[in-house]
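Per-entry structural report
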Amino acid sequence: MAQIREYIPIVGQSVIEDLQLLADRLRGKIIQHINSTAVGGGVAEILNRMVPLLKELGVDTRWDLIKGGEQFFEVTKKFHNALHGRKESITQRDFDIFMDASSKNIEEVVITGDIVFVHDPQPIVLVKKKSDNKWIWRCHIDVSNPNQKVWNFLKEFIGKYDSVVFSAPSFSQPLPIRQFLISPSIDPLSDKNKDLPQETIDVVLRKYGISKDKPILTQISRFDRLKDPVGVIEAYQQVKRYIDCQLILAGGAAVDDPEGIEVLEEVKEKAKKDRDIHILLLSQNDIEINALQRASTIIIQKSLKEGFGLTVSEALWKAKPVVASNVGGIPLQIKHKYSGLLCHSIDGAAFAIKQLLNSPEYAKKLGENGREHIKNNFLLTRHLREYMLLFLSLYHQGDVVYL
């Protein structure tokens, strides 16, 4: 784990000094993060990097997990899909399962924070334990067009929080509490994002039988229908008719996502026996993910819905040309034709990929612009600063706070 001073060459001395000043103002306060999983997905990834740095800065920061059985996580996955606007059959039994598990967590989770920071819907009911401390609900998903039945159910609990945080302006909803817009971030010094020697990249390519002799298209994401891996294969198949290339679909599974194996089987069926399609189930192997991204010619993120899309940030940080859907938080990262190409369909993705493969200098320029944009806006140090300002704002309700 990198120490805070190691970020100085990337972001500058003054940024780190500002973080220390903010941390000093929080001395004596306990920050308690609560979510549903320690591995898999962007929330766990951010907290794994952020919590140690906050502690190093002198902020007493803790991280706790709720528990849930198979039925609970099946329901929360349905909620997740429904909040993204996907059709789901939500029954009273689903709500009962959710509340039964939540009641057990209310009994078991010990609240120690002066500020309790709850992430996503799974632990949302814990706010029933609110006393004289401050509570924040952090929504990491795209709720721009949510299923109203699920949203109205959650809204009863959201209203009990002091503040809510969304990742993009389009996700904001009418609520009786203060709202903050804070984008997620990547850690440039993590195993997934740090510079790698070419020999490490080559070892990973040899391990998975990936050739360096033809262009590599890659999508890194969970095997999730909202990431549209089947659509990525269809776009690749269109490109393949004109340009000989290969496709990598690589990702892991989160313990709170029971659909992953089912979607993986659908992807394998769609790929059939195309030897140029490499389907890799990587279990939290960040060095290998880093190597695959760095080896790629073009990185794709063809999500149908997206809370933010940290895989886009990761790709742009590596100065890679990216073709991604114009959904969720992705347009905050990609300005079309400047720091990447946005698409709205399978045909659009295929067209953009062909354009970049046929114009390598243009592709290189998009990647360079993308890296600079990530450096200025979506690194962990900016995220730390905004969270600490948020924490301080909870004690200054009448003040105007600019994050």
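Now for a quick tour of the structure. (Residues numbered from 1 in each chain as written. Predicted model: local features only at pLDDT ≥ 70, side-chain atom pairs only at ≥ 80, totals over all residues. Heavy atoms only, no water.)

**A few points about the environment of Asn369**
Positionally, Asn369 belongs in helix H14 (residues 360–377). Aside from chain neighbours lying at most four places away, what touches Asn369 is Tyr338 and Ser339. (Helix = DSSP H or I, 4+ residues; strand = E, 2+ residues; numbered from the N terminus. Contact = heavy atoms within 4.5 Å.)

**A few points about the sheet that holds strand S9 (residues 277–281)**
As a general point, the strands of a sheet are linked pairwise by backbone hydrogen bonds and lie either parallel or antiparallel. Reading across from one edge, S9-S8-S7-S10-S11-S12 is the order of the six strands in this open sheet, with parallel pairing throughout. Strand pairing shows two members of the sheet lacking a second neighbour, S9 and strand S12 (341–343), which therefore form its edges. With direction set aside, neighbouring strand axes in the sheet form an average angle of 20°. As paired strands, strand S10 (residues 298–301) and strand S11 (residues 322–325) are joined by three bridges and run parallel to one another. Bridge assignment links Ile299 to a residue of S11, and that residue is Val322. (Pairing = 2+ DSSP bridges. Axes fitted to C-alpha atoms, helices over the stretch in contact; angles between N-to-C directions.)

**Details of the packing of helix H8 (residues 229–240) against helix H9 (residues 260–271)**
The contact between H8 and H9 brings their axes to 9 Å, and the two run at 15°. The angle between H8 and H9 falls in the class roughly parallel. The way H8 lies across H9 gives a crossing that is right-handed. Contact with H8, carried on its side by Pro229, Val230, Ile233, Glu234 and Gln237, involves Val263, Glu266, Val267, Lys270 and Ala271 of H9 and no other residues of that element. For the contact of H8 with H9, the class distribution of residues is six nonpolar, one polar and three charged. (Parallel < 35°, antiparallel > 145°, perpendicular 65-115°, else oblique. Left-handed = near helix turned anticlockwise from the far one by under 90°. Nonpolar A, V, L, I, M, F, W, Y, C, P; charged D, E, K, R; others polar.)

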